[in-house]
Amino acid sequence: MSWIDYAMAMLPAACLTLALVHGLVWLRRRDQVWHLAFVSSAVAVAALTALEHQLAMAHTPDEYAATARLLQVPLALLFASLVAFVRLGLGVGNGWLGALAISLRLAALVAGFTTGDHLYMRTIESLETVHVFGGDFPVPVGPANPWAALGMLANVALLAFCADAWRTSRHQPNARKRLGASLVVGSIVAGLPLAIFAVSVSRLGWFNTPLAYSLAFLPVILAMSYELSMSLLASEHLESALRTSETRLAETLERSELAVAALGLALFSWEPRRSTLWLSDRARTMFELPPEGPVALGDVLASVHAHDRDALRQVLAAAVATRSAWDREFRVGAVDGPTRWISAHGSVSSGVDDGSLIVHCVAADVTAHHTGTDELRRLEREAAQQRDELAHLSRVTILSELSGSLAHELNQPLAAILGNAQAALRYLERDPVDLEQIRAIVVDIVEADRRAGEVIKRLRSMLRKEGANYVELELNDVVVDALRLIRSDLLNRRVSVRWLPAGGMPNIAGDRVQLQQVLLNLVANACDAMADETGGREVTISTVRIAGNQVEVRVSDHGKGVADPDLEQIFQPFVTSKADGIGLGLSVCRSIIGAHHGRIWATRNADRGITIHCELPAIDSTATALA
Amino acid sequence: MPHGALLVAVVDDEPDVRRALERLLASVGMDVEAYGSGAAFLDSLSDHEPDCVVLDLHMPELSGYDVQEALVGRHLAVPVVVITGHDTPVARSRALGAGARAYLCKPVDDRALLAAITGATTAHS
């Protein structure tokens, strides 16, 4: 036996083994039909090898012709399988060229059986023996069959198909696939001309090669097998990577669910197009939904407080329309029953499968926070109310202390009115009546009446028990108004006032009555501090504009000062140096100035006494604070 | 009432009140001199003395008490009728103690004031 006999026995076995392997793969992966294409290619090459071996053993022209005709069958199968593999497995090659190659090969198959003894020879007259590759092989002798051109054309068409596939495979982005395609298509492009050449020379009788096709296509089978194995390995690798990432995803999901549960958060996802809704267990509890079973968005909205429902629906619709993130706080529960506040934050994304929109949402129960805020607001309201009440009480106290002076303030215009009126009566009794004099008197009466009215108005506003009313004010006006109220008292106490208003002061936002009250307190305190002074008693009041859009009013005395080393003590409630005081004045002043977003403090003067400073924000910087 | 040419000084820092008193006294035929401060009144005394002074107690700088003290200090026996808008027992006893002939409260009735002035000038003469 020559090496060719061994090869002829081994090659089909190798091909069939590969076919078996990929056949099994195909059975597991029916969608990967290129494995089937490979199986048929390998079976075809095995059949070709076996038939070519049989051809080499032929003893008679008839035997030779029969085998040669049969050989066209696996050849046609091989062509079809290769075209299918290149198209389906490698994704390259021109379909029309492939179809042409297969059609021509099928035509050649038909011609092989219907014209002459076989495709290449009209009649086989005899067999000659040639010695090649260390063995003797029969070579047919006879006239050529013109239909042999069909076989040649089929070969050329397959060559063209493969050349085109090779060209397009170079644009394949994946390097591994590009290499695989180049190997398979390249092996066909290299092997097919070899087969054509071998068949041609043996046809011409120059040189006979057994195994013309099988040897030419064996590298193709190996290249295909290599490509399939590589892609199998790559897909295995991909699958393993996918499994790993799936595991990781599951772990991440589990962790985030754990975190979400620990934070008491609820999750839900809503797909508007499919009207599907997924809720976490916590979300079902939050929206008072059954623990299991399908739930629609309508069910969730139904549990939302009726007053908040439409707003939430609109927010969701707007989020879907604009594909934007959203935030919303709403209540859950019946209108007449207990409610809980939910704070929800959501985003909109496109689904992985078909790009349909999904609204993701995370929600938290913020009832405690709301209750806390309500409680805080209530406490703040109460504190403001108490501050106003205390301010009123302190105002009444200081006004009662000033009552004698205030009566004097009122008595002055009344005295003028009465004196004028009685004088007028007397002038009217004269003959002739001096009408000019009467007119002048009446004008004075009207003016004095107006003054009395203003005093009463001022007193009434000071005594009124109302919450603070913040309006735009000039600090200098506030000082002047306060000085009017206390003027008589200052006269009584023999205290003079040095009033140094600053020009161009910005306005402040404040309650006129409460700020006057602060000024009254400060001036009264300054007078008290100087009660024992034997020399001239003087209170200096000045206003000043300071940096940072603030204004300040300062009230200075040169009295006995403060014994306590800590000047802050004087602002504490119930701290007083007066025998008849309760020590609320300055602490009330501090709470009033504090409510105006200002501050009040004391400093010792260089010589004697103290100065109280009241700093208040000017209108620009308070506009938002008071809004 | 025979007031004749009785000269009365009115001392009050409030222009309205001062003017009203001036008119009232003039309407009954008195001669009236009005002063806005105690100092202005005391200055005028070097030139002539009125028959009576209607004196407000509460004034800046020199108060009614200060004017009373100055009169005593200068040994001037000008009769004083005090009128005040700030009536307290202390003020009343202090003013009367310092020699005031009458102590009246604002707003003051014309008859009471005229009677007080008449009484003061009669006693004085």
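Residues numbered from 1 in each chain as written. Chains lettered and ligands numbered in written order. Predicted model: local features only at pLDDT ≥ 70, side-chain atom pairs only at ≥ 80, totals over all residues. Heavy atoms only, no water.

Where do I start with the overall build of chain B in this structure?
Secondary structure assignment for chain B yields 5 helices and 5 strands. Secondary structure elements of chain B occur, N-terminal to C-terminal, as β-α-β-α-β-α-β-α-β-α. The buried share among the 125 residues of chain B stands at 54%. Once local pairs closer than 6 in sequence are excluded, the contacts in chain B between residues at least 24 apart make up 64%. Summed over all atoms, the accessible surface of chain B reaches about 5200 Å², with 54% contributed by carbon and sulfur. (Helix = DSSP H or I, 4+ residues; strand = E, 2+ residues; numbered from the N terminus. Buried < 20%, exposed > 50% of the residue type's maximum accessible area, 1.4 Å probe, protein only. Contact = heavy atoms within 4.5 Å. Areas by Shrake-Rupley, 256 points an atom, 1.4 Å probe, with all protein chains shown as cover.)

Can you help me understand the sheet that holds strand β3 (residues 52-56) of chain B in this one?
Pairing between sheet strands relies on hydrogen bonds along the backbone, with the strands arranged either parallel or antiparallel. Residue and element names in this part refer to chain B. Strand order in the open sheet formed by 5 strands is β2-β1-β3-β4-β5, with parallel pairing between adjacent strands. Looking at which strands have only one partner, the edges of the open sheet turn out to be β2 (31-35) and β5 (102-105). With direction set aside, neighbouring strand axes in the sheet form an average angle of 20°. The sheet contacts of helix α4 (residues 89-97) involve β4 (80-84) and β5, and relative to β5 the element is tilted by about 150°. (Pairing = 2+ DSSP bridges. Axes fitted to C-alpha atoms, helices over the stretch in contact; angles between N-to-C directions.)

Where do I start with the interface of chain B and chain A in this structure?
Quite often, the size of an interface is put as the accessible area lost when its parts meet. Taken together, the contact pairs 30 residues of chain B with 27 residues of chain A. Interface area for chain B against chain A, summed over the two sides, is near 2200 Å², with a carbon-plus-sulfur share of 49%. When the area that chain B buries against chain A is broken down by residue, the three leading residues are B:R23, B:H86 and B:P107, summing to 26%. Residue A:R487 is joined to B:E14 by a salt bridge in which the shortest nitrogen-to-oxygen separation is 3.9 Å. Across the contact surface, chain B and chain A share 16 residue pairs in polar contact (both at pLDDT 80 or more). Elements that contribute at least two residues to the side of chain B that touches chain A include exactly α1 (15-27) and α5 (110-124) of chain B. In terms of residues, the side of chain B that touches chain A owes the most to one element, α1(B), which gives 8 residues. Residues of the side of chain B that touches chain A, tallied by class, amount to 11 nonpolar, 6 polar and 13 charged. (Buried area = accessible area lost by both parts, 1.4 Å probe. Salt bridge = Lys/Arg side-chain N within 4 Å of Asp/Glu carboxyl O. Polar contact = N/O pair within 3.5 Å; in protein donor to acceptor, adjacent residues only side chain to side chain. Nonpolar A, V, L, I, M, F, W, Y, C, P; charged D, E, K, R; others polar.)

How should the pattern of salt bridges be read in this particular structure?
Two side chains that carry opposite charge are able to pair once their charged atoms sit near each other. All names here are of chain A. Tallied over the full model, the rule gives 34 salt bridges over all chains. A salt bridge links R313 to D310, with the shortest nitrogen-to-oxygen separation between them at 3.0 Å. Here D310 and R313 lie together in helix α10 (residues 306-322), a separation of 3 residues that amounts to about one turn. For R313, a relative accessible area of 42% gives the class partly exposed. Two residues, R493 and D528, come together in a salt bridge whose shortest N-O distance is 2.8 Å. With a gap of 35 residues between them, R493 in helix α14 (residues 475-493) and D528 in helix α15 (residues 512-529) connect regions that are remote in the sequence.

Would you mind going over the confidence of the model for chain B with me for this structure?
Parts of the prediction with low pLDDT should not have their coordinates interpreted in detail. Looking at chain B as a whole, the pLDDT averages 89, with 94% of positions reaching at least 70. Interface confidence for the predicted complex, expressed as ipTM, amounts to 0.91; the pTM equals 0.49. (pLDDT = per-residue confidence, 0-100.)

I'm lost on the packing of aromatic side chains in this one. Help?
Residue and element names in this part refer to chain A. A complete count under the given rule lists 3 aromatic pairs over all chains for this structure. Ring centres of F268 and F287 lie 6.0 Å apart, and the angle between their planes is 80°; this geometry places the pair in the edge-to-face category. Residue F268 is located in strand β3 (residues 265-271), and its partner F287 is located in the loop between α8 (281-286) and α9 (297-303); the two are separated by 19 residues in the primary sequence. We classify F268 as buried; its relative accessible area is 7%. With a relative accessible area of 1%, F287 lands in the buried category. Connected via pairs of aromatic rings, a cluster forms that spans F268, F287 and F330. Over the aromatic face of F79 sits the side chain of R105, whose NZ or CZ is 5.1 Å from the ring centroid. (Phe/Tyr/Trp six-rings, centres within 6.5 Å; stacked < 30°, edge-to-face > 60°. Lys NZ or Arg CZ within 6 Å of the ring centre and 35° of its normal.)

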